[in-house]
Amino acid sequence: MAIPRDIGIQTYTPPPPPPPPPEKYRVEHGDSLDGIAQKFGTTVEALHQANPAVSGSRIMPGDVLAIPPANAPAVAGVQAPKPTPQQMVNRALNNYQEAVADKRTGDLPGLQHELDQAVNDEVQARLKEPVNDGLTPQQRKQLGEQPPSIAEREKSARTDILARYQGDAAVQHAVDQQEADSLVASNDRAGYTSPKDKLLALDTSLKNASSDQVRKLAEASPGFAKTVQDAANWAAQPYKEEQLTNSNQIEPKAKQAEESSGRYAELMAGLSSPAARAAIASQGRTQMEQITHFAFLYDNEQRHSGNILTSLSTAVGTLRQSDPAAAQSLADDLAGQLPDPRIVAGGMNTQSMLTSMAQQSGDPTLALSFVDKVSHGGYERITGPWVEQTKAELFKTVENTHYRVDNDVQSYVKLTGELNSLIAKEGKSMSADQLKAAIDKYKQMKGPDWEQQVAAAQQQIADDGKLLLSQQTALAQWAAGHPGDQKAVTDTLGKILGSDNNAAAMRLAVSSDPTVLKGEPGQALLNQWAQYGKVADQAGRKLTQELGTNYVKGRLDDLREQLGKSNDAATRTRVIQQLDDLGNNKSLAVVLGLDGDKVGSLKQATDVLKSNLSDFDALAKDAKTPDALTQSLQSGLKDTDGKLGKIKGFDNGTPVSTLFRAFSVGAAGLSLANAFDKVGTGKTGTEELRNDMSALIGAAGFSQKTAGLVTSVGWAPKESLWGTVGQRSVDHWVNILSGGIDLWKAGDAFGKGDNTEGALYATTGVGSIMWAAGNAAVGGEGMLGAALAGGAGWGSWAGPIGIGLVALGTVGLIAYQSKKDNDAAVPGREAFLQGLGYNQSASQALGAWHSKDDQPAANMLMRYGELHGMNAQQTMAWFNGLGADQQKTFAGAMVSSLDTVGGDPSKFQRTDRNDGNWDDLANRNGLLAGNVDHGLFGSGPGVLMRGTIIAGNPMPLNTEEKPASAHQLDVVLKNVLGIDPPPYH
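Computed from a predicted model, the values in this text were never measured in an experiment.

Participant: So what exactly am I meant to see when it comes to the overall build of the protein here?
Facilitator: Scanning the protein from terminus to terminus reveals 45 helices and five strands. Relative to all contacts within the protein whose residues are 6 or more apart in sequence, the contacts with residues 24 or more apart total 73%. With an accessible surface of roughly 43200 Å², the protein has 50% of that area assigned to carbon and sulfur atoms.

What follows is the structure, given as structure tokens:
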């Protein structure tokens, strides 16, 4: 029966149905399949069917699961949807981790390969998706932007995958493998027609890869092996050994030998990959032996043998830079092709030919091997004098390498010395931001070609440094096998290390490419430096100690990289063993000056680092909250600081101590980063990350300002999690700490007025700072922040002086020796001053003249402002407010003032005993503006005394007056220029 609507009885309305479960769910910390099934009213079986990539019960935070409808049973016979690429990665990783948990080590290589393939499949799937950067094609065209390249999209996909699995070691390997395969495949697709060009291009790509691990994986690939083989075949192609039947065949065959040997040299010298060099040398070994035999046996007129042997010497020398033992083995085999020693020793021009090949190739290894072969040929009475004389000439040739370095440094100084001089003079009282703007303005004025020239010149000096280091390993190896030549080798080494330009080149080589001190070459150098240190002067010992410190930095960087990739027990055990090897390196201890009463210090210090690795990991496992962990790690680092401080030679502030403290910070930071995933906090944002890391840096013994400045140049993106970018941020900050040791020393040297020493130190720091700058946060503050970061014992950077030196690696200052030189520098000086913040007329006035001691008026202006209580910005604004003619006259007066204090503004004071005389001249209208002599900079505006002011003067000529105090400059402003001077505060 129908119920009437008007009798007041409400009809029944059933409750709304529960909302449907979400189609997708992201797994959170603490989730399990059972819990997720209960939460959404489904079953584990249904979840498995909806997510075929899930293996067993293993799920990970960040996994995205498809959620079936509530109470939906698993339906037999219904085909499950095809798993997504991400699900396939999850499945492969689950399988790998189950094998690890079950200790099925035999299955791991195959399972790692499956994970590698799954990661690559996901990256390729991402490439097929439409580009989505928020811009339409029309908008991109209007902005002049290109869509992301394939390489950029691949990199983005790899970054996302790593972030999803929070640094899992197996996933890291898979991502590295994908990058390695991509680099090789991309090079194959580039369409190179020359095998040489193809190999060198691949070498460049691998050099710029994201890590050493990527390079090693690429070098192990079949594609890499084929590229190397094709290049080796290209080098071998011109020359084919065959029996010669008449003399007419010699000349064509000699040309072929010359071309092939030149190709080997060109390939070897152009490669940076030790694996590629070794492969080329191995595959070309037999042919190079044949070519050597031909050069000595057939080319009697030596039309081509000199070039042939120089090319072979270059190939051997290049191989020596990465593998001294292999280079020596190759040289010995080539020397085995020599004819009768009596023929060599008695041959015309043989000695000069060997000397020339060593000089032109820059490496004495092959020439010395030839000498050694002759000396052991059984005819010492005949060959002995030739051997001794040739050895002496070869040692002299190595010593004379400094001429090449001197020329390259001089060319570099011509390019960068002007800017260096501007920074050291006009810019030394400016802030970091002002200096950066000034340097940018100067570079803009010079143009992009200038920057390219600077980069090329800098690279040339670094290459010179590598050559010098390689020569030293050659001499060290020779001395080890020929003890009678130890004194001659030590004398030669002393002359190499005694050159400032050589020292700068070696520092730059080590900082730009730390691999030059790795492995066997590095140990050979340490052994030789330790031997040399016994007889070296203070400067020589200082240099070898600095290079030894760089060796330590390279080793610790390697260990930190290993921990960053995987902080598991096996990796820590391996790193601890390598720390043990470092601590037991007696040659290194001697080079670092840790001998005498400091014997055992290196071992004690490495023992501290070893205990840190275990202690910090245990703290991370036991911590309940991130804040508790941070506090525990701070306590551990303070303990480390105290322990290191008690070890002789490791007190707070020494360079090697700074490196050890920085490594401890890195170990603690990595433990903190790795622990956040386990703890399950929601720590986000760069501020929390920086604050925690800053606390760790301070606890390790670095100043508070250092900690703040270092962490301010972290590059972690906004809204990032510790577990996503924490490890890489930690690595970035620690690199700045450890890489900055030479920069802090540079700041100390500049602060003491030693510009030459400061410039050389600054050169050493270039590599680390360039690394930091390339990985810094947006805003371009990386380089400046790193340069300003103070060391443990240096407090803070000693003023901003040197930032440009660090940025450019300048090794010299330009001194203006003539008016012509000065006039040519004026445009650059004006651009620099405008970059600092001076207006155009002020820049012209301050840039036109220097004092007779080559000091700029800008420095006196800053001192004048300081004496009036103004800061640099206020002083600059005040001077910018003067009229153009007033600025010129006052700038000239300040140049004259510099002459009264020997060019040192700090000696310029507020008052002077002659102030009363100036007041009297002013009252009698005895001062006026006019031209004065500024020495080699020519005449320009200044202050004159009227000749008529002197009663009875028969020749009333106006003469220059040089203000000797701020009060006297005030008189110039008020009585000559008609301006009220700024008040004193």
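Participant: Sorry if this is basic, but what is going on with the sheet that holds strand β4 (residues 939-945) here?
Facilitator: Picture the strands of a sheet paired through backbone hydrogen bonds; they go either parallel or antiparallel. Across the sheet, three strands lie side by side as β3-β4-β5; this open sheet has antiparallel pairing. Each end of this open sheet is capped by a strand with a single partner; those strands are β3 (927-933) and β5 (959-960). In this structure, β4 lies alongside β5, joined through two bridges in antiparallel fashion. Residue pairing across strands places L944 opposite E960, the latter belonging to β5.

Participant: Got a minute to help me understand the side chain of E154 in this structure?
Facilitator: On the secondary structure map, E154 appears in helix α6 (residues 150-164). Among buried charged residues, E154 stands out as having no salt bridge; its nearest opposite-charge side chain is R158, 4.2 Å away. Excluding anything up to four places from it in sequence, E154 contacts V123, Q124, L127, Q178 and S182.

Participant: Hey, could you run me through the pattern of salt bridges in this one?
Facilitator: Any two side chains of opposite charge can pair, on the condition that their charged atoms come close. Per the counting criterion, the structure on display carries 28 salt bridges. Between D920 and R924 there is a salt bridge, and its shortest N-O distance comes to 3.2 Å. Among the residues examined, D920 registers a relative accessible area of 37% and is labelled partly exposed. Each of D580, K603, D607 and K610 takes part in one network of salt bridges that share partners.

Participant: Mind showing me how you'd approach the nonpolar core here?
Facilitator: Here is a general trend for soluble globular proteins: nonpolar side chains tend to be buried in one another's company. Counting residues in each nonpolar core, the largest one holds 180 residues, and the members touching the most others are Y838 and F890. The element contributing the most residues to this core is helix α21 (residues 448-481), with ten residues. Shared between two domains, this core holds at least three residues of each, these being domain 3 (191-378) and domain 4 (837-928 + 954-977). Ignoring any residue separated from it by four or fewer positions in sequence, one finds Y838 in contact with L833, S843, L846, A858, L861, M862, M876, F879 and N880.

Participant: Can you help me understand the pairing of β4 in this one?
Facilitator: Two faces belong to every sheet, and in a regular strand the side chains alternate between them. Counted residue by residue, β4 has six buried out of seven residues, so it is predominantly covered. Direction of pairing for β3 relative to β4: antiparallel, over a ladder of seven bridges. Of the residues in β4, the one forming a bridge with L927 is M945.

Participant: I would appreciate a short explanation of helix α11 (residues 250-270) in the present structure.
Facilitator: Given 3.6 residues per turn, any residue in an α-helix points the same way as the ones three and four places further on. Relative to the 30 Å expected for 21 residues at 1.5 Å per residue, α11 spans 30 Å between its end C-alpha atoms, a close match to the ideal helical length. The set of residues buried in α11 consists of K253, A254, A257, S260, S261, R263, Y264, A265, L267 and M268. Looking at the buried positions of α11, the neighbouring elements they touch are α8 (195-207), α10 (222-236), α12 (274-297) and α13 (305-320).

Participant: When you look at the packing of aromatic side chains in this model, what are you seeing that I'm missing?
Facilitator: The way to describe two aromatic rings as a pair is by their centre distance and the angle between their planes. Under the defined criterion, the tally for this structure stands at eight aromatic pairs. Here the aromatic rings of F650 and F660 are separated by 5.1 Å at their centres, their planes lie at 70°, and the arrangement is edge-to-face. Residue F650 is located in the loop between α29 (626-645) and α30 (655-679), and its partner F660 is located in helix α30; the two are separated by ten residues in the primary sequence. For the pair shown, F650 and F660 are each scored as buried. Ring centres of Y864 and F890 lie 5.5 Å apart, and the angle between their planes is 70°; this geometry places the pair in the edge-to-face category. Of the two residues, Y864 is situated in helix α41 (residues 857-867) and F890 in helix α43 (residues 884-900); the sequence distance between them amounts to 26 residues. Ring pairs connect the aromatic residues Y864, W878, F879 and F890, which therefore count as one cluster. The positively charged end of K253 is found above the aromatic ring belonging to Y239, 5.3 Å away from the centroid.

Participant: I keep staring at the side chain of D899 and nothing clicks. Help me out?
Facilitator: Examined against the element boundaries, D899 turns out to sit in helix α43. Take D899: its relative accessible area is 19%, and that puts it in the buried class. With sequence-adjacent residues up to four places away left out, D899 is seen in contact with S851, K852 and K962.

Participant: It is not clear to me how the confidence of the model for the protein should be interpreted in this structure. Could you clarify?
Facilitator: A low pLDDT means the predicted coordinates there should not be read in detail. For the protein, the average pLDDT comes to 78, and 76% of its residues sit at 70 or higher. The element-level mean pLDDT for the protein is lowest in helix α37 (residues 782-788), coming to 30, with α10 highest at 96. The model gives residues 677-686 a pLDDT under 50, and that stretch makes 25 contacts with residues more than four places away or in other chains. Counting contacts from residues 738-751, a segment whose pLDDT is below 50, to residues more than four positions away or on other chains yields 55 contacts.

Participant: Explain unusual backbone geometry to me, please; I cannot follow it from the model alone.
Facilitator: Residues apart from glycine generally show negative phi values, whereas peptide bonds are mostly found in trans. At K103, a position not held by glycine, the phi torsion is positive, near 60°. Take K103: it is sitting in the loop between α3 (85-101) and α4 (108-128). Here K103 falls in the exposed class, since its relative accessible area comes to 70%. You will see that N925, though not glycine, has its phi angle at about 55°, which is positive. With respect to the helices and strands, the residue N925 is situated in the loop between α44 (915-923) and β3.

Participant: Mind showing me how you'd approach the packing of α21 against helix α24 (residues 519-533) here?
Facilitator: Remark: α21 packs on α24, axes separated minimally by 9 Å, with the N-to-C direction vectors making an angle of 70°. Here α21 is positioned roughly perpendicular relative to α24, judged by the angle of their axes. Two packed elements cross with a definite hand, and for α21 against α24 that hand is left-handed. Side by side, α21 and α24 meet where L469, Q472, T473 and A476 of the first sit next to P521, A524, L525, Q528 and W529 of the second. For the contact of α21 with α24, the residue count by class is six nonpolar, three polar and no charged.

Participant: Teacher, can you tell me more about the environment of I291 here?
Facilitator: Here I291 shows up in helix α12. Take I291: its relative accessible area is 0%, and that puts it in the buried class. Between the alpha carbons of I291 and S260 there is a distance of 8.5 Å; along the sequence they are 31 residues apart.

Participant: How do you make sense of the environment of Q453 when you look at a structure like this?
Facilitator: With respect to the element layout, Q453 can be found in helix α21. Along the primary structure Q453 and L415 are separated by 38 residues, whereas in three dimensions their C-alpha atoms are 7.7 Å apart.

Participant: Which parts of the structure should I look at to understand the packing of α13 against helix α16 (residues 350-361)?
Facilitator: To describe two helices that pack against each other, one gives the angle between their axes and the distance between the axes. As a packed pair, α13 and α16 sit with axes 8 Å apart at the nearest point and diverge in direction by 45°. Taken together, α13 and α16 sit at an angle that is classed as oblique. The two elements α13 and α16 cross, and the hand of that crossing is right-handed. Contact residues: α13 offers S305, G306, L309, T310, S313 and T314, while α16 offers M353, M357, Q360 and S361. Looking at side-chain class alone, the contact of α13 with α16 contains three nonpolar, seven polar and no charged residues.

Participant: Got a minute to help me understand the environment of D615 in this structure?
Facilitator: Mapping D615 onto the fold places it in helix α28 (residues 601-622). Measuring from C-alpha to C-alpha, the distance between D615 and A667 comes to 10.0 Å, with 52 residues separating the pair along the chain.

Definitions and limits used
- Residues numbered from 1 in each chain as written.
- Predicted model: local features only at pLDDT ≥ 70, side-chain atom pairs only at ≥ 80, totals over all residues.
- Heavy atoms only, no water.
- Helix = DSSP H or I, 4+ residues; strand = E, 2+ residues; numbered from the N terminus.
- Contact = heavy atoms within 4.5 Å.
- Areas by Shrake-Rupley, 256 points an atom, 1.4 Å probe, with all protein chains shown as cover.
- Pairing = 2+ DSSP bridges.
- Buried < 20%, exposed > 50% of the residue type's maximum accessible area, 1.4 Å probe, protein only.
- Lys, Arg positive; Asp, Glu negative; His and termini not counted.
- Salt bridge = Lys/Arg side-chain N within 4 Å of Asp/Glu carboxyl O.
- Core = buried A, V, L, I, M, F, W, Y, C linked by side-chain atoms within 4.5 Å.
- Domains from an automatic or database assignment.
- Expected span 1.5 Å × (residues − 1).
- Phe/Tyr/Trp six-rings, centres within 6.5 Å; stacked < 30°, edge-to-face > 60°.
- Lys NZ or Arg CZ within 6 Å of the ring centre and 35° of its normal.
- pLDDT = per-residue confidence, 0-100.
- Axes fitted to C-alpha atoms, helices over the stretch in contact; angles between N-to-C directions.
- Parallel < 35°, antiparallel > 145°, perpendicular 65-115°, else oblique.
- Left-handed = near helix turned anticlockwise from the far one by under 90°.
- Nonpolar A, V, L, I, M, F, W, Y, C, P; charged D, E, K, R; others polar.

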